[in-house]
Structures are given as C-alpha cells and as structure tokens.
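Residues per chain, in single letters:
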Amino acid sequence: MSRSLSRTLLALALSGLGVACDPAPTGGCEGDGDCPTGQVCSAAGRCASPPGDAGPSPADTGPARRDAGGRDAGGEDPPPPRPVPRWPANGASTGSVHGSPVLPEAALRPRFAWDPVTEASRYEIQITSECTTPGFADCAFEAPAVEAEVTEPSHRPSLLDVSASPPVGRRYYWRVRACRGGACSSWSTVRYLDVGRLPNDFDGDGYGDLLAGAHTDDGALSNQGRAYWWNGSSTGPRTPPNQLAPPTAEENGNFGISTASVGDVNADGFADAVIGAHRIDTTAEDTGAVYLYLGSATGLPTAPSTTIPAPTTDSGGNFGRSVGVGGDVDGDGFADVLVSAHGEEAGGSNRGRAYVFHGGADGVDPTPATVLNAPGSQDGEQFGFPITGVGDVDGDGFADVLVPSRNWDGDQTDQGRVFLFAGSALGVVDVAARTFDDPIPTMDAELGWGNAPVGDVNGDHFMDVVFGGRRRGGFGGVLAFYGSASGPGTTPDLDVLQPDMQASAGYGFSVTGARDVNGDGLSDVVIGARLFDRSESNEGRAYVHYGAPDGLPAVADVVLNGNPREAGAQFGYSAASAGDVNGDGYADVVIGAYNQDTAATNAGGLFLFLGTSDGLSRSGTLLASPRGTDGRLGVSSAAIPAW
C-alpha cells in the first residue's frame, strides 16, 4: 500500500471519530524534490508556490483540499463569503410521508436552496439526522446522509430515509458552504427541518389532524366550552371526533374560543396544540388561561400537559382570547407559543398585551419569555387580538410575529394598525420592526382582525404577511406584504376589497394560509367573508387565492360556499389549513360555520375541502357537532404553521 493511500485512509478514519489530522496529499509530495521547479512541498503535502509567490499551484486544478476552517490547505485561494441558507425555512415540515411519491415537491425529497455567492464556483452541502435538539448549532456532521458538491445554489437529494412508525418522518439538519478553486468558506449556520411530517399530526401517523373549538358548548355548566379533534386517515377525518372538556369547568369560561396546532414544542416528533379559555377566572375574574396538550402515539391527551394562567391580575384581561402559532422564534429547534390578552390594562385602560412562551424538551415554560406592548399605547386599542406567527419573513432563521391593534385610532376611529416583531437568537425582540398602516383608513375597519401564517406565496424563499380589516372601505379588505432579505416593506404589494362589493360582508374577518393545496410548491391563501349574503342573509363565503411567482392574484381562483346553505350560518367565521388529512400529498382546508344548525340550533360545524392537482375542491364535507347544544363549533379552527 502506498504511503499516500495509507495517509488518506487514516485521515478518513480519524475524521469519522472527530479527530483532526493533516489532509492527505492530492499533489503527491513527500518533500520538495517531488514538486516542479520553483515549488515546494507544503506542510499539508501539496506542491505550492513558496510563501510570498502569487503564482498558481498545479494542484489547484485537482480536487480541493481544505483545512479544518474551510480554507485551502496550501493557503493559495482566498475563500468566498459563506452562503446564507434560505429554504426550507428553519423548522419547516415537508408534508405527509404517505403523499411523497405524488408530487414534484415530494415530502421526502425537499429542495434545499441558499443565496448565490458571486465569487463561488461550486457549493458543498451536507444533510444529516445525527444532530440533536437542542445543540444542533454545534453539530459536527460526522456521518452525513447526504454530502454533495453542486454548481448551482440549490440541491434536491434522493429520497431521505425516514421512520415508518409513529412518529413517522425524521428531523434532518443541513449546512452549506461556498468554494472557489481550492478554498471554501466556513460552513453556514445549521438549519433544521422535519422531513415527512406535518405540523398538525398529533399522533404521528403521517396524516394531518383537525382541531376546533366550540366555546358556548354546555356541559355541567352553561357556556363552559369544549374542543374537538379528528384523527386524519387515508380516507380523511375519522368520526366521531375526540372531545376535550375544559380542565376547569366554569360557567361562561369559553374553553375553545381559540385553538392552534403549534407544531412540535418539545421536539419529540409529535405535533402539539394549545386551547384558550379567555373568561376562566384564574388570577382574577375573567383573566383567562391557556392549556397545552402534547401529542403522542395516541394523539392529544384528555388532560392538558401544562396550564398557563394569565400573567396579570387584570380583571377582564382576556388572556387566551387569541392563541397563535409561533414557529421557532429563537431558532433552538423547539416550536414556540403566542398568546394575547387584549383586555389587559397595560399601564392604561384596555391597551392590551401579547406574550411569547418558549418551547423546550419538557414542553412550554408557563413563564412568558417576552412581553409585548403596543408602541405608543392608546387606551382601548386592544393590542394583541388576534396574534399570529408569520414565519421567517427575512430569512434570518428566526420566525417573526404579527400583532395588531385593531381598535387603534389614527385618522379614523378604530381604523387599526399592525406591528411586526422580529425573532432572534434570544427570542422575540420587544421593539416593533415594522408598523403597517392602512393606505385607505376607514372608520371601524379594525385592521388586523383576520390574520394567520400564510407561508411563501411567491416562491422567493421568504415568508409573507397577509391580514384583513373586516370593515375596510365599508366592504372589508385584505393587504399583503411580501417578505425579502430585509423583511417586508410597508407599502402593500396587494390591496383587495371584497370582490362582490357587498357592503358589510365581513371580508377579511378570517385570513389563513392553506399551505399548498394544488401541489405547485407555493403557499395558498383563504379569506373568509362570514356575513356574505348569498340567497340567504349572512350565509357567508370564502375566497381562495393560489400562490404565484408574482404573488397572490387580486381575483380569487376559487369561491367556496357552505352546503347546506343556511341563513345566519356565518360560513367563513374561521378558516385554517387542515394540513394533509388523507395523506395524498395535497394540503386541505377547513372553514368554520359556527352558527350552522347541525345537532342543534347553532351547534356549528366545519366544512372540509380537499386539495387536488387541480386545486381545492369546490365541494365540502360537513363535519357536524356531535352534541345537541348551541356550542358554536367552528368559532375557532386551529391554525397551523404554513411552512
């Protein structure tokens, strides 16, 4: 065996154990005598120009050789800047493992992308499941599942290996570096994603599960509330649904007024959920509480894993009236939870607050990590309702948060305004990064009333922001702001009023990201108009806008209606992505009609619309309340991460 081959094998063996050693020679020199005239044998075993000589080394035309920091071992080539990873978004779930063979954007073959580096001639990417949460930022990538060299700033690997038993799928980590000649940059920051998983799969079987609230459901006490969740399956949601009774039965407690499928807060592979009860008496009358339910192989437990009481004693604070998907605001690998309390005094009267709770290996810490207050608070502006995470709008690896002040007074009374707060390694920064004002301020518009994560609607690898004002312009309207490396601008990229120009239809009362309902790789958006008059008064309607490379179209691609039609049903009161409830590779959508007469008058229900290759089905399936009370199922449909 040659000495150079021996050194190569030894280097490979030691590197696999994490032991550093000199790279094996690729120019084949043991001493200066092995090199061409005018060159010397470097300490790394390569022929190179002597120090101070700028002449090129013949070895640079061969395979690259780098030191532990990524620089060419001979030191001839300055490394290019390191690339910025962009896609998948940090903490993304790629979709149902069952649907992975169906689509070009397959769940088990996600496309990885990063910003191009002008000075680079090639890139090296590593993908592995060997890292751990927490602590993946320092992962050594000793045995990556994928190690590829590419010339374009993207790569789609072969099928990634995943678990077929709950929790299906697998968490992967990745990094990339840019190279030129024999020199490479340092590795990028490590990003993570959940391959073959859904952010609302509570039992880890690969099918999206549905969660919704019925806040006036009567149990032992009037209006104590209830929540329901449906297991997904290859044939869709299983019925009857599972029922969650309030942990503390209290008259008018309104358990289920808000619900969210928040992703994986403890990084165990199962999606988790939060449910609000904003009128529960915890620290004082009607202060409210929020309950965390951790997923497992059997789904959501009947009792909460953690109770988060209102952080203040402000009576009527309404803590939990809105709960939101946080995403991973600090990039530590654990999903985070958002809660608002729009009735808290906050140094005045009904100014409102919002709270961020960090996930961790044991679930969610009930002590808020960040408390957000409205900039320049006004009495009665009710900052915080409704609250949502919007994902990573600037591609820095940290999810960002959207908080409205729906009753803020500007030129018009209660016109509303919306604030964007940035995520960071330390969590959400408590100073607003952006303020969004209405270009056509309208009295009582309540800008920001409808909002939820919408994902990346134009395929530029940045999450976007869409929110409604239920009385904008007298009809209701929606504004969209597209993300970028510097975040979204404050001038809307899309401004749409109620398409049918029907006054007081409530267009924008609900806004949600649908994920990808037609398999084109772009996020889609659903907008509800709960008071739309069709043949009956206040039947309600919803509009679906498919994502496109130039953004959302101004005209809806699909219009959805409830069936059976019913006066006062308020179809569109809530809306949410259902993930992929049947595992066919296409995202599905649920629309709440909380006054639909099903098991009883105003019992409420959800309409499920399935995604297909042609887009969202126009025909929905009614998931009725199983109880004979006026519970108003569909007052909340659990939002899920849109990435």
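Here is what the cut-offs are and how they apply
- Along each chain, the written sequence defines residue order, and numbers are assigned to residues from 1.
- For a predicted model such as this one, the threshold for reporting local features is a pLDDT of at least 70, and the threshold for listing and counting side-chain atom pairs is 80 or more; totals across whole chains, interfaces and linings nevertheless cover every residue.
- With hydrogens and water stripped out, all remaining heavy atoms of the structure feed into the side-chain values.
- In this scheme, a residue with accessible area under 20% of its type's maximum is buried, one over 50% is exposed, and one in between is partly exposed, where area comes from a 1.4 Å probe on protein chains only.
- Secondary structure follows DSSP: runs of H or I at least 4 residues long count as helices, runs of E at least 2 residues long count as strands, and numbering of each begins at the N terminus.
- Here, any two strands with at least 2 DSSP bridges between them count as paired.
- Using protein atoms alone on a 1 Å grid, points that fit a 1.4 Å probe yet trap it form a cavity, whereas open point sets bounded by protein on both sides within 12 Å along at least five of seven lines form a pocket; residues with an atom within 4 Å of a point count as lining.
- Grid points are joined across faces, edges and corners, and a volume is the space filled by probe spheres set on the points.
- Each residue is assigned to one of three groups, with Ala, Val, Leu, Ile, Met, Phe, Trp, Tyr, Cys and Pro labelled nonpolar, Asp, Glu, Lys and Arg labelled charged, and all others, Gly among them, labelled polar.
- The axes used here are C-alpha line fits, helices contributing only the stretch in contact, and every angle between their N-to-C directions lies in the interval 0 to 180 degrees.
- Note on terminology: pairs of cysteine sulfur atoms within 2.5 Å are recorded as disulfides.
- Working rule for contacts: check all heavy atoms of both residues, and any pair within 4.5 Å makes them a contact.
- Counted as a polar contact is a pair of N or O atoms within 3.5 Å, where, for protein atoms, one must be capable of donating a hydrogen and the other of accepting one, and residues adjacent in sequence contribute only when both atoms are in side chains.
- As used in this record, nonpolar core signifies buried Ala, Val, Leu, Ile, Met, Phe, Trp, Tyr and Cys residues forming a set joined through side-chain atoms within 4.5 Å.

Just checking my understanding: could you explain the pairing of strand 19 (residues 319-327) for this structure?
Two faces, one strand: in a regular strand the side chains alternate between the faces of the sheet. Among the 9 residues in strand 19, 9 count as buried, and that is most of the element. Here strand 19 runs beside strand 20 (residues 336-341); their pairing, made up of 6 bridges, is antiparallel. Across the sheet, residue Gly-327 finds its bridge partner in strand 20, namely Asp-336.

How do you make sense of empty space enclosed by the protein when you look at a structure like this?
Here the idea is plain: a probe the size of a water molecule rolls over the atoms and shows the empty space left. Under the definition given, this model contains 7 cavities of 30 Å³ or more. As a volume, the largest cavity reaches approximately 460 Å³. Around the largest cavity sit 27 residues that line it, and Pro-386, Asn-451, Ser-574, Val-635 and Ser-637 are the ones nearest its centre. Counting only elements with at least two residues in the lining of the largest cavity, the list comes to strand 15 (255-263), strand 19, strand 29 (447-451), strand 33 (507-515), strand 37 (571-579) and strand 43 (636-637). Residue contributions to the lining of the largest cavity peak at 5 residues, all from strand 19. Looking at the lining of the largest cavity residue by residue, the classes come out as 15 nonpolar, 11 polar and 1 charged. Considered as a void within the structure, the second largest cavity measures approximately 250 Å³ in volume. Taken together, 24 residues form the lining of the second largest cavity, with Gly-91, Ser-93, Asp-194, Gly-263 and Asp-264 sitting closest to its centre. Residue assignment for the lining of the second largest cavity shows that the elements contributing at least two residues are strand 11 (191-195) and strand 15. Across the lining of the second largest cavity, the residue classes break down as 10 nonpolar, 8 polar and 6 charged.

Any chance you could explain the sheet that holds strand 42 (residues 621-624) here in plain terms?
Strand pairing in a sheet takes place through backbone hydrogen bonds and is either antiparallel or parallel in direction. Read across the open sheet, the 4 strands follow the order 37-38-39-42; overall the sheet is antiparallel. With partners counted over all chains shown, the strands left at the sheet margins are strand 37 and strand 42, one partner each. The average undirected angle you get between the axes of adjacent strands in this sheet is 25°. For strand 39 (residues 605-609) and strand 42, the ladder comprises 4 bridges, and the chain directions are antiparallel. Across the sheet, Leu-606 pairs through a bridge with Leu-623, a residue of strand 42.

What is the right way to look at unusual backbone geometry in this model?
Negative phi values dominate among residues other than glycine, just as trans dominates among peptide bonds. The peptide bond linking Trp-87 to Pro-88 adopts the cis configuration, its omega dihedral lying at 5°. Looking at the secondary structure, you find Pro-88 in the loop between strand 3 (85-87) and strand 4 (92-93). Residue Pro-167 is bonded to the preceding Pro-166 through a cis peptide linkage, with omega at -5°. Considering the arrangement of structural elements, one finds Pro-167 in the loop between strand 8 (154-155) and strand 9 (170-180). Of note in this structure, Ala-346 is not a glycine but carries a positive phi near 55°. According to the relative accessible area criterion, Ala-346 is buried, its value standing at 13%.

Would you explain the state of the cysteines in this entry?
Here a disulfide denotes a covalent bond joining the sulfur atom of one cysteine to the sulfur atom of another. For the structure shown, the criterion picks out 2 disulfides. Each sulfur in the disulfide pair Cys-131 and Cys-139 lies 2.1 Å from the other. The chirality of the disulfide connecting Cys-131 with Cys-139 is left-handed, given an S-S dihedral of about -80°. By the burial criterion, Cys-131 is buried, and Cys-139 matches it. Between the sulfur atoms of Cys-179 and its disulfide mate Cys-184 the distance is 1.8 Å. Given an S-S torsion of about 100°, the disulfide between Cys-179 and Cys-184 has right-handed geometry. Across the pair, exposure class does not vary: Cys-179 and Cys-184 are buried alike.

I'm lost on the environment of Ala-277 in this one. Help?
Along the chain, Ala-277 falls in strand 16 (residues 272-277). Taking the relative accessible area as the measure of exposure, Ala-277 reaches 0% and is therefore buried. Residues Ala-277 and His-215, 62 residues apart in the sequence, show an inter-C-alpha distance of 8.1 Å. Every residue in contact with Ala-277, bar those within four places of it in the chain, is listed here: Gly-253, Asn-254, Phe-255, Ile-257, Gly-288, Ala-289, Tyr-291, Phe-319 and Gly-320.

Where do I start with the environment of Pro-78 in this structure?
In this fold, Pro-78 is placed in the loop between strand 2 (47-48) and strand 3. The spatial distance from the C-alpha of Pro-78 to the C-alpha of Ser-185 is 8.7 Å, given a sequence separation of 107 residues.

Help me understand the side chain of Thr-216 in this model?
One can find Thr-216 in the loop between strand 12 (210-214) and strand 13 (226-230). On the accessibility criterion, Thr-216 (9% relative accessible area) is buried. Here the side chain of Thr-216 touches Asp-630 through a polar contact of 2.6 Å, landing on its backbone oxygen. With near-sequence residues (within four places) excluded, Thr-216 lies in contact with Asn-223, Asn-254, Asp-630, Gly-631 and Arg-632.

I'm lost on the nonpolar core in this one. Help?
When a protein is soluble and globular, its nonpolar side chains tend to lie buried together. Core analysis: the largest hydrophobic core is formed by 37 residues, its most contacted members being Val-265, Val-274, Phe-319, Val-337, Phe-357, Leu-402 and Phe-467. Those elements giving two or more residues to this core turn out to be strand 15, strand 17 (289-293), strand 19, strand 20, strand 21 (353-357), strand 27 (417-421), strand 30 (465-469) and strand 31 (477-481). Formed by 21 residues, the second largest nonpolar core is a distinct cluster that contains Trp-114, Tyr-123, Ile-127 and Val-168.

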